[in-house]
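Each chain is listed here by its residues.
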Amino acid sequence: MLITNIKGLVGLHPKEKLVLRGSEMKDLPALENAWLLIEDGLIKDFGKMSEIPSRISNLPSQISAEGKYVFPSWCDSHTHIVFAASREEEFAMKIQGKTYEEIAAAGGGILNSANKLQQASEDELFESASIRLKNMILKGTGAVEIKSGYGLTVESEIKMLRVIQRLKANSPIPIKATFLAAHAYPTAFKDNHQGYIDLIINEMLPQIAAEKLADYIDVFCEKGFFSVEETDQILKAAAKFGLKPKIHANQLSVSGAVEVGVKNNAVSVDHLEETNQHNINSLKTSNTITTLLPSCSFYLGIPFADAKSLIAENVPVAIATDYNPGSTPSGNMNFVVSLACIKLKMQPEQAINAATLNGAAAMEISSEYGSIAIGKKANLFITKPMPSVAYLPYSFGDVQIETVILNGEVYNG
Ligand code: NIG
Ligand code: FE
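These lines cover the structure that appears in this document, whether it is placed above or below.

Thresholds, definitions, all that
- Residues numbered from 1 in each chain as written.
- Chains lettered and ligands numbered in written order.
- Predicted model: local features only at pLDDT ≥ 70, side-chain atom pairs only at ≥ 80, totals over all residues.
- Heavy atoms only, no water.
- Donors = N, O, S within 2.8 Å, 3.2 Å for Na, K, Ca; no water.
- Helix = DSSP H or I, 4+ residues; strand = E, 2+ residues; numbered from the N terminus.
- Buried < 20%, exposed > 50% of the residue type's maximum accessible area, 1.4 Å probe, protein only.
- Axes fitted to C-alpha atoms, helices over the stretch in contact; angles between N-to-C directions.
- Parallel < 35°, antiparallel > 145°, perpendicular 65-115°, else oblique.
- Contact = heavy atoms within 4.5 Å.
- Nonpolar A, V, L, I, M, F, W, Y, C, P; charged D, E, K, R; others polar.
- Near = heavy atom within 4 Å.
- Polar contact = N/O pair within 3.5 Å; in protein donor to acceptor, adjacent residues only side chain to side chain.
- Areas by Shrake-Rupley, 256 points an atom, 1.4 Å probe, with all protein chains shown as cover.
- Pairing = 2+ DSSP bridges.
- Salt bridge = Lys/Arg side-chain N within 4 Å of Asp/Glu carboxyl O.

1. Details of the coordination of the iron ion (ligand 2)
Next, step 1: Within the protein, His78 (NE2), His80 (NE2), His248 (NE2) and Asp322 (OD) serve as the donor atoms for the iron ion (ligand 2), at 2.1 to 2.2 Å.
Next, step 2: Read from N- to C-terminus, the donor residues coordinating the iron ion (ligand 2) fall into the pattern H-x1-H-x167-H-x73-D. Pair noted here: His80 is in the loop between strand E6 (74–76) and helix H2 (88–96) and Asp322 is in the loop between strand E13 (317–319) and helix H13 (333–342), with a separation of 242 residues, a long-range link. For the pair formed by His80 and Asp322, the shared burial category is buried.

2. Considerations on the packing of helix H7 (residues 193–210) against helix H8 (residues 228–240)
Next, step 1: Where H7 contacts H8, the axes come no closer than 10 Å and their chain directions differ by 10°. Between H7 and H8, the crossing angle belongs to the class labelled roughly parallel. Taking contact as the criterion, the partners of His193, Gln194, Ile197, Ile200, Ile201 and Leu205 in H7 are, on H8, Glu230, Gln233, Ile234, Ala237 and Ala238.
Next, step 2: Here the residues of the contact of H7 with H8 are counted per class, giving 7 nonpolar, 3 polar and 1 charged.

3. A short note on the site of ligand 1
Next, step 1: Taken together, 15 residues lie around ligand 1, and Tyr100, Tyr150, His183, Gln251 and Ser327 are the ones closest in.
Next, step 2: His271 is positioned such that a nitrogen or oxygen atom in its side chain is 2.9 Å from an oxygen atom of ligand 1.
Next, step 3: Protein chains shield 100% of the accessible area of ligand 1, which is 330 Å² for the free molecule.
Next, step 4: Residue classes in the shell around ligand 1 are distributed as 4 nonpolar, 9 polar and 2 charged.

4. Observations regarding the sheet that holds strand E12 (residues 289–292)
Next, step 1: Read across the open sheet, the 8 strands follow the order E6-E7-E8-E9-E10-E11-E12-E13; overall the sheet is parallel. Both edges of this open sheet fall to E6 and E13, since each of them pairs with a single strand only. When the angles between neighbouring strand axes are averaged without regard to direction, this sheet yields 25°.
Next, step 2: Against the sheet, H13 engages E6, strand E7 (141–147) and E13, with an angle of about 90° to E6.

5. Quick notes on the pattern of salt bridges
Once their charged atoms are close, side chains differing in charge can pair, the charge on each being opposite to the other.
Next, step 1: Across all of its chains, the model carries 16 salt bridges by this definition.
Next, step 2: With a closest N to O distance of 2.6 Å, Lys68 and Glu402 form a salt bridge. One end of the pair, Lys68, is in strand E5 (residues 68–72); the other, Glu402, is in strand E15 (residues 401–406), with 334 residues separating them in the sequence.
Next, step 3: Salt-bridge contacts for Asp123 lead to Arg166; the nearest nitrogen and oxygen are separated by 2.9 Å. Of this pair, Asp123 sits in helix H5 (residues 122–138) while Arg166 sits in helix H6 (residues 154–170), and the two are 43 residues apart along the sequence.
Next, step 4: Several salt bridges converge on common partners, so that one network encompasses Glu122, Asp123 and Arg166.

If you want it as structure tokens, here you go:
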């Protein structure tokens, strides 16, 4: 497939560039008036229209992208898209002024989702998650991470991870699976935290490792959920099974979650709506990526993360949706990129890099995804005609995507 007359071919980072930190994040290399050649699902070559080689200019399978831009697909590195039911009853409570913690304490929240998921069949969960995934792909997502965490029993956590495994086998995009049994204490273990941690460590982890059901371990390290010490214990046990951490840190309060993540070689620490200088200091000297989730802040009405300080201090920042029924019922990366600009005060180039190459890095797939480079997977999208790159986040709430290409083929859903 040959794409010609591209107004702007965006995200041309060198293939060996696996993550962008600090000042590198404002650099979004692009080529104007370009062509792009795809072969066997990979990016084969690209260049300027004025210099297009005659041997390829007559290829039969061509798309003209006049006035349009080509971007690498969004890499959404933090989602919870396997769930049994939506939770719009909590939406009304939030509007009345109830906080996330109050709703959870009133029997809503994660435990509510867990009750419903425990009753759902694997097939039902697979069907509903497949629809969500398809809609995300149509909005430009070309790689995704999906967490368990609404099972909270051995049986149901395994059920969720099997659903994710089935999504992996059936999806045209790469999927990473994260084991998040440490999402909330089930009611039966409300007063016996160690009992639940033992269940995670002694029963869930060995079975998950034996069936290769997870790529990462996650813990919701937060007041009222899992303490720093409990998090450390779980991360160390998971490391013995080869699972690296991607954790929920500092969503509602500064807790030591960032430091315990960094100490355990987390691939990413996610959320950070609350941060202090100590957190930033520990991140800037580590390889841990900070994944910010501005649509969660938007929906819950909690503070927006301090992206500017993180970037100024040389921390690699990714952005993701956090798509889940409780705190972010939306999987629209285009909106996340807009919010990153409007609310996190990221420049459009920084936000786009955070949503592509750094998102891929937060799933450890940036050698194959997240930028336009020869030899990388041809997961990309062609926009509608647009006046500039910045128009994409500027036109918030709209989706500027016209054609989705995955593995070198047009995806129609
Ligand atoms: O990332 N904070 C923990 N987990 C999810 C929300 C889970 C829920 O409310 O169902 C999050 O925001
Ligand atoms: Fe989350």
